[in-house]
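Topology and contacts: notes
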Amino acid sequence: MSACQSGNIDIVNLLFSNIIDIDKANSNGSTAFSIACSMGQTKVAVLLLTHGADINKANSDGWTPLKIACQVGNQDTVNMLLRNEASVNIEDKDGWTALMSACKNGNREIVQSLLENKADVEYTAHDGSTTPIKIARKFSHRRVERLLKRALKGSINDGGDEEDDQEDDEDDEDSNRRRIDRISLPFQLTFLTTVMKMMTMTVTIYRLVF
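As recorded in an unreviewed UniProt entry, the protein chain goes by ANKRD50 and comes from Mytilus edulis.

Written out as C-alpha cells, the structure reads:
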C-alpha cells in the first residue's frame, strides 16, 4: 500500500507477483486502490484496476474510491473512475454520496462531471434534510449551487459559465459594497470623535491663553 501511496509504478508492478488478494483492506477498510485514489495517484489506480481491483469497494465508513477522490478534489482521478463506470450514487454510512462530498469541496468541474454521469442532485442524506444544494450553500460555493439548480431544471450545459461569471461579478460588487459599509461607519465615528477631541482641546487652549 505504501508503494501505491507514493505512486511508484515499478515497485507496484514488482509487488503484483506476490499479491494474493488485490482488494485486501487495512484496519480502516482502505484498499491499495482506494489509497491510490485518495493520493491522486491515477496511474497506479489504473494499474490496479487492470489487475482486478474493485472500483466500488468502500472503506469502513462506506466511502468508495470515487467519494474519496471527490472529497479531496482529485479531478483526474475522478474522471478516470467515471470513465471506468464507477457507481456514482453509492452512499456512505451517513447517507452522503460522491456528489455531496464534491459539493462540500466546492470543485465545480468535479460536480459537473458527476452530474453528467447521472449523479442524483435530489439525493437526501440519512438525517432527512441534507442535500447537495444545501451543502454547497452552507459552504458558500455559489457557482456549485447555481450549477445544481440548473441540473434540477435539466440544463447544466446551457450557458452556465457565462451566467456564473456574470453572477460572480455581481456577488463581488455586493461583497465590496458591504465591505465599504462596514468600513464607513467605524471611520465616520472615529472621525467625529477626533473632531470632538480637537474642539475640546482648542477650547482648553483658548481658556489657558486668554
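1. Re the nonpolar core
In this structure, Leu 66, Leu 114 and Leu 148 are the most contacted members of the largest nonpolar core, which totals 42 residues. In terms of residue count, helix 7 (residues 98–105) provides more of this core than any other element does, five residues in total. What Leu 114 contacts, discounting residues up to four positions off in sequence, is Leu 66, Cys 70, Leu 82, Val 88, Ala 98, Leu 99, Ala 102 and Ala 119.

2. A few points about the side chain of Asn 59
By the secondary structure assignment, Asn 59 is in the loop between helix 4 (42–50) and helix 5 (65–72). We classify Asn 59 as buried; its relative accessible area is 16%. One polar contact links the side chain of Asn 59 to the main-chain amide nitrogen of Trp 63, over a distance of 3.0 Å. Once residues within four sequence positions are removed from consideration, Asn 59 is found in contact with Asn 28, Gly 29, Ser 30 and Ile 68.

3. Re the UniProt feature "repeat: ANK" (unreviewed entry) in the protein chain
As recorded in UniProt, the feature "repeat: ANK" (unreviewed entry) lies at residues 28–60, 61–93 and 94–126. Taken end to end, residues 28–60 comprises 48% helix and 0% strand; its first and last C-alpha atoms sit 6 Å apart. Secondary structure content for residues 94–126 is 52% helix and 0% strand, and the end C-alpha separation is 6 Å.

4. Some remarks on helix 6 (residues 75–83)
When we look at burial in helix 6, the residues that qualify are Thr 77, Val 78, Met 80, Leu 81 and Leu 82. If you follow the buried residues of helix 6, they end up packed against helix 3 (32–38), helix 4, helix 5 and helix 8 (108–116).

5. Quick word on the pattern of salt bridges
For the structure shown, the criterion picks out four salt bridges. As a salt-bridge pair, Asp 61 and Lys 93 come within 3.1 Å of each other at their nearest N and O atoms. Separated by 32 residues along the polypeptide, Asp 61 in the loop between helix 4 and helix 5 and Lys 93 in the loop between helix 6 and helix 7 bring together distant segments of the chain. Exposure remark for Asp 61: the relative accessible area of 34% places this residue in the partly exposed category.

6. A closer look at helix 7
Extensive coverage of helix 7 is indicated by the burial of six of its eight residues. Burial in helix 7 covers these residues: Ala 98, Leu 99, Met 100, Ser 101, Ala 102 and Cys 103. Structurally, helix 7 contributes buried residues whose contacts are with helix 5, helix 8, helix 9 (132–138) and helix 10 (142–152).

7. A few points about the environment of Leu 99
Residue placement: Leu 99 occurs in helix 7. C-alpha separation for the pair Leu 99 and Ala 119, spaced 20 residues apart in sequence, amounts to 6.5 Å. Apart from the residues within four sequence positions on either side, Leu 99 is in contact with Val 111, Leu 114, Leu 115, Ala 119, Asp 120, Val 121, Pro 132 and Leu 148.

8. Describing unusual backbone geometry
Of note in the backbone geometry, Glu 85 takes a positive phi value of approximately 65 degrees without being a glycine. Relative to the helices and strands, Glu 85 resides in the loop between helix 6 and helix 7. In this structure, Ser 140 takes a positive phi of about 60 degrees despite not being glycine. Considering the arrangement of structural elements, one finds Ser 140 in the loop between helix 9 and helix 10.

What counts, and where the lines are drawn
- Residues numbered from 1 in each chain as written.
- Predicted model: local features only at pLDDT ≥ 70, side-chain atom pairs only at ≥ 80, totals over all residues.
- Heavy atoms only, no water.
- Core = buried A, V, L, I, M, F, W, Y, C linked by side-chain atoms within 4.5 Å.
- Buried < 20%, exposed > 50% of the residue type's maximum accessible area, 1.4 Å probe, protein only.
- Helix = DSSP H or I, 4+ residues; strand = E, 2+ residues; numbered from the N terminus.
- Contact = heavy atoms within 4.5 Å.
- Polar contact = N/O pair within 3.5 Å; in protein donor to acceptor, adjacent residues only side chain to side chain.
- UniProt positions renumbered as here; feature names shortened; annotations may be inferred.
- Salt bridge = Lys/Arg side-chain N within 4 Å of Asp/Glu carboxyl O.

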